[in-house]
Amino acid sequence: MFRKLHDPGPSAVTVLIDGKAVSAEAGENLAALLLRQPEGWNRTSTVSQSPRAPYCMMGVCFECLAEVDGVGSVQTCLTTVRDGMRVSRQLGRRMLSA
Amino acid sequence: MSAVDLLIVGAGPAGMAAAVVARRHGLDVLVVDDQPAPGGQIWRSVETVAASPRGARLGDSYLAGASRAAAFRSGGAAYEPGAQLWQIEPGFRAFVTSGDKARTVSARAVILATGAQERPVPFPGWTLPGVLTVGAGQILLKTADQVPEKPVWIAGSGPLPLLYMTQLLAAGGKVAGFLDTTPPGRLGAALRHLPAALGKAGDLWKGVAWTLALKRAGVKTVKHVAEIEARGEGRLQSLRYRRQGGAWQETPAEVLLVHEGLVPSIHAPLALDCKVEWRHDQRCYAPVLDGWGESSQPGLFVAGDGAGIAGAIAAEHRGTLAGLAVAARLGKVSAAMAEAEAAPARKVLERELAFRPFLDALYEPRPQVFAPPDETVVCRCEEVTAGTLRARAAVGRPGTNQVKAFTRAGMGPCQGRQCGYTVMHILGSAQNRPPEALGFYRIRPPLKPVTLGELAALEQPDNAA
Ligand SMILES: Cc1cc2nc3c(=O)[nH]c(=O)nc-3n(C[C@H](O)[C@@H](O)[C@H](O)COP(=O)(O)OP(=O)(O)OC[C@H]3O[C@@H](n4cnc5c(N)ncnc54)[C@H](O)[C@@H]3O)c2cc1C
Ligand code: FES
């Protein structure tokens, strides 16, 4: 649902989203990358399993949670991409209690 | 465990200014911030973006951040980016996570410079992917040079939507339409405060200039929109809106950005049992502070928009005052010297604060923000609707925390950051009580969910206290 205005060029790194290799700009925000994917959502909610996507981009809504390099419920809007990072979408409840 | 004189949480305008003045007076300072670079919300990514063509498109008040970040970097404060604070114990011992490891920091004084968040704006469909806040859209533009793929719908009120739209258009993005939710008659109410606001004529003019620029660019604006609804299967596909009592209009939409003003981040002060007060003028809580920014907990200061929304310039000067006060408290500068150094900051702060009543009156949130229809999900985390809350509110006049226990509203990972004010208002109106009579949720640390992995790191002798 979003697009980047410039081409990251040679600085690009590769991130695996649900096993699929996706190109990202070095140092960019992971939630920003998720919002550029054709299916712009990243998890389903814990009660009704409805799709959710980053909402605030500043750490206060917890909608952007995903599993990152094996760690669950990471706030992707507070995460910087790294080459080889593995991101999995998170379905339903997973270590979500405060 | 590391030990410092002063721990500053947040590297926005307030935190950076506090760090610079505290270092100048010889304090040992650590600044932690959950972002990868200094600047806070207004100056996100400014260090890398200012020098690029993207910087100019974001405007002068954005570019002004570059020199502040440079002064902060050269000031000598230890700075830890990507580090999130999640608990402070009296004394002070702070718990901070970076990467996936937690550690503790001890400090003689703490300045919370954690800023503001956008006010929650619940309406039917606001949880659909494709609905974001205007601030989120602006963060994507500043940090990732990213714009909505298709022309975007903007709904809301306040300076931020106007600023974002001008920045978006300058960057080559497109606006499908602006649903201005400012109710009729607000300008008249605001004009009463005009004389006090004239000290900031430049800012008044900025607002007019943004509006004119949007008009020139041919942005379709619908005024006095009272209600909005987002619709779609699994993602936003269309948008409905209407004026008070008017007919619904429907339009296809892929991205909708909403904004109804800012509220201070109060979770850290609440968790620390700092006294807070209800600010009717800004429809939010703010910590009770003295003239230096010290809270009801001695040694704990709040600076910047976290002290009450007043903008970036006020944030910087509040940061300076708090930094000076800590330097004086820890014996680095005499009280008289601190007072003398504070005088210019106080003068600017006074002028900035004099401007607020005008803006607060002009952009007072429309009543629907606090009274969404029954089917609206109010608590996004636990998916509790306004209807459920209203049904509960009627039985035995429960308070905010009781309703939280009954319905789980506010119990999810965001800890009520997206529902607290709405719940207060819904209960209040059902019980015929003002919202402040109900109060905000009781907030207990940790300020974010903490994983076993983070806690395990605390057990390491290097990290634990
Ligand atoms: C999304 C958004 C966009 C905005 N854009 C503009 C703009 O373009 N122009 C403008 O004039 N005003 C803008 N504002 C208003 C903003 O509040 C400014 O007035 C100014 O940035 C406030 O400065 P501050 O230092 O008080 O806080 P901020 O600039 O918000 O800085 C606070 C910093 O603390 C960090 N932080 C918060 N909690 C924690 C924690 N627990 N642990 C570690 N770090 C933490 C934040 O990530 C942030 O970097 C915006 C506000 C928001 C919420
Ligand atoms: S998008 Fe809101 S917390 Fe990440």
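Residues numbered from 1 in each chain as written. Chains lettered and ligands numbered in written order. Predicted model: local features only at pLDDT ≥ 70, side-chain atom pairs only at ≥ 80, totals over all residues. Heavy atoms only, no water.

**Concerning the overall build of chain B**
- Helix and strand counts for chain B stand at 18 helices and 22 strands.
- A globule of 465 residues ought to have a C-alpha radius of gyration of about 23 Å, and chain B, at 22 Å, matches this closely.
- Seen through its C-alpha atoms, chain B measures out along the principal axes to roughly 65 × 50 × 40 Å.
- Counting every atom, chain B has about 17800 Å² of accessible surface; 55% of that belongs to carbon and sulfur.
- Side-chain charges of chain B comprise 50 positive and 41 negative groups, with the mean position of each set lying 4 Å from the other. (Helix = DSSP H or I, 4+ residues; strand = E, 2+ residues; numbered from the N terminus. Rg over C-alpha atoms; globule rule 2.2 N^0.38 Å. Areas by Shrake-Rupley, 256 points an atom, 1.4 Å probe, with all protein chains shown as cover. Lys, Arg positive; Asp, Glu negative; His and termini not counted. Charge placed at Lys NZ, Arg CZ, Asp CG, Glu CD.)

**Re the pairing of strand S2 (residues 12-17) of chain A**
All names here are of chain A.
- Residues Val-13, Val-15 and Ile-17 point to one face of S2 and are all buried, whereas Ala-12, Thr-14 and Leu-16, pointing to the other face, are not buried.
- As paired strands, S2 and strand S3 (residues 20-25) are joined by six bridges and run antiparallel to one another. Opposite Val-13, over in S3, you have Ala-24 as the bridge partner.
- Between S2 and S3, which pair antiparallel in sequence order, lie two residues; one of them, Asp-18, sits at a positive phi of approximately 50°.
- In the sheet, S2 pairs with strand S8 (residues 86-88) via two bridges, with the strands oriented parallel. (Buried < 20%, exposed > 50% of the residue type's maximum accessible area, 1.4 Å probe, protein only. Pairing = 2+ DSSP bridges.)

**Things to note about the site of ligand 1**
- Taken together, 32 residues sit near ligand 1, with Asp33(B), Asp34(B), Gln41(B), Gln138(B) and Asp305(B) positioned nearest.
- Of the chains in the model, those with residues near ligand 1 are chains A and B.
- In this structure, an oxygen atom belonging to ligand 1 sits 3.3 Å away from a main-chain N or O atom of Ile42(B).
- A distance of 2.9 Å separates a nitrogen atom of ligand 1 from a polar backbone atom of Leu85(B).
- Relative to its unbound accessible area of 970 Å², ligand 1 is 90% covered by the protein chains.
- Among the secondary structure elements, those contributing two or more residues to the shell around ligand 1 are helix H1 (13-24), strand S4 (83-89), helix H6 (134-144), helix H7 (159-171) and helix H12 (312-329) of chain B.
- Tallying contributions element by element places H6(B) first for the shell around ligand 1, with four residues.
- Classifying every residue of the shell around ligand 1 by side-chain character gives 16 nonpolar, 12 polar and four charged.
- Per-domain counts for the shell around ligand 1 show at least three residues from each of domain 1 (2-117 + 264-359) and domain 2 (120-260) of chain B. (Near = heavy atom within 4 Å. Polar contact = N/O pair within 3.5 Å; in protein donor to acceptor, adjacent residues only side chain to side chain. Nonpolar A, V, L, I, M, F, W, Y, C, P; charged D, E, K, R; others polar. Domains from an automatic or database assignment.)

**Description of the interface of chain B and chain A**
- Taken together, the contacts link 48 residues of chain B with 37 residues of chain A.
- Summed over the three residues of chain B that lose the most area to chain A, namely Gln146(B), Arg380(B) and Glu383(B), the buried surface amounts to 15% of that side.
- For the pair chain B and chain A, the interface holds two salt bridges.
- In this structure, the salt-bridge partner of Arg52(A) is Glu383(B), at a minimum N-O distance of 3.9 Å.
- Counting across the chain B and chain A interface gives 15 residue pairs in polar contact (both at pLDDT 80 or more).
- Broken down by secondary-structure element, the contributors of at least two residues to the side of chain B that touches chain A are strand S7 (116-118), strand S8 (131-133), H6 and strand S9 (146-148) of chain B.
- When residues of the side of chain B that touches chain A are assigned to their parent elements, the largest contribution, five residues, is made by H6(B).
- Note: strand S1 (residues 2-4) of chain A against S9(B), three bridges, orientation antiparallel. Across the sheet, residue Lys4(A) finds its bridge partner in S9(B), namely Gln146(B). (Contact = heavy atoms within 4.5 Å. Buried area = accessible area lost by both parts, 1.4 Å probe. Salt bridge = Lys/Arg side-chain N within 4 Å of Asp/Glu carboxyl O.)

**Notes on the domain arrangement of chain B**
Residues and elements named next belong to chain B.
- If you check the domain split of chain B, you get domain 1 (2-117 + 264-359), domain 2 (120-260) and domain 3 (371-438).
- For domain 1 and domain 3, the distance between their C-alpha centres works out to 31 Å.
- Of the residues lining the interface, six residues belong to domain 1; the matching set on domain 3 comes to 10 residues.
- Summed over the shared surface of domain 1 and domain 3, the result is zero salt bridges.
- Residues belonging to the side of domain 1 that touches domain 3 are distributed by class as follows: four nonpolar, two polar and no charged.

**A few points about helix H16 (residues 420-431) of chain B**
Residue and element names in this part refer to chain B.
- Given a rise of 1.5 Å per residue, 12 residues ought to cover 16 Å, and the 17 Å separating the end C-alpha atoms of H16 matches this to within 8%.
- Within H16, 10 of the 12 residues are buried, which leaves it mostly tucked inside the rest of the structure.
- Within the sequence span of H16, burial applies to Gly-420, Tyr-421, Thr-422, Val-423, Met-424, His-425, Ile-426, Leu-427, Gly-428 and Gln-431.
- After H16 finishes, the residue Asn-432 shows a positive phi value of roughly 60°. (Expected span 1.5 Å × (residues − 1).)

**Re the side chain of Ser157(B)**
Residue and element names in this part refer to chain B.
- Note that Ser-157 resides in strand S10 (residues 152-157).
- Within the structure, the side chain of Ser-157 is placed 2.8 Å from the side chain of Thr-182, a separation counted as a polar contact.
- When sequence neighbours within four positions are dropped, the list of residues in contact with Ser-157 reads Thr-181, Thr-182, His-259, Glu-260, Gly-261 and Tyr-363.

**Concerning the packing of aromatic side chains**
Residue and element names in this part refer to chain B.
- Going through the model one piece at a time under the given rule, you end up with 10 aromatic pairs over all chains.
- A ring pair is formed by Trp-278 and Tyr-285, whose centres lie 5.1 Å apart and whose planes are at 75°; its orientation type is edge-to-face. Accessibility assignment for this pair places Trp-278 and Tyr-285 in one class, buried.
- Measuring from ring centre to ring centre gives 5.2 Å for Tyr-421 and Phe-440, while their planes differ by 65°; the resulting arrangement is edge-to-face. You can see Tyr-421 sitting in helix H16 and its partner Phe-440 sitting in the loop between helix H17 (435-438) and helix H18 (452-458), a full 19 residues away along the chain. In this structure, Tyr-421 and Phe-440 share a single accessibility class: buried.
- Sitting over the face of the ring of Trp-126, Arg-380 holds its NZ or CZ atom 4.6 Å from the ring centroid. (Phe/Tyr/Trp six-rings, centres within 6.5 Å; stacked < 30°, edge-to-face > 60°. Lys NZ or Arg CZ within 6 Å of the ring centre and 35° of its normal.)

**Side note on the packing of helix H14 (residues 386-394) of chain B against H16(B)**
Residue and element names in this part refer to chain B.
- At a closest axis distance of 9 Å, the pairing of H14 and H16 adopts a crossing angle of 45°. Judged on the interaxial angle alone, H16 and H14 are oblique. Two packed elements cross with a definite hand, and for H14 against H16 that hand is right-handed. Judged by residue contacts, Ala-386, Leu-389, Arg-390 and Ala-393 of H14 engage Val-423, Ile-426, Leu-427, Ala-430 and Gln-431 from H16. (Axes fitted to C-alpha atoms, helices over the stretch in contact; angles between N-to-C directions. Parallel < 35°, antiparallel > 145°, perpendicular 65-115°, else oblique. Left-handed = near helix turned anticlockwise from the far one by under 90°.)

**What about the sheet that holds strand S14 (residues 238-243) of chain B?**
Residue and element names in this part refer to chain B.
- Read across the open sheet, the three strands follow the order S13-S14-S15; overall the sheet is antiparallel. Among the strands making up the open sheet, the edge pair consists of strand S13 (225-231) and strand S15 (249-252). Across the sheet, the mean angle from the axis of one strand to that of its neighbour is 20°, orientation sign disregarded.
- Strand direction decides the pairing type here: S13 and S14, joined by six bridges, are antiparallel. In the strand pairing of S14, Val-225 is matched with Arg-243.

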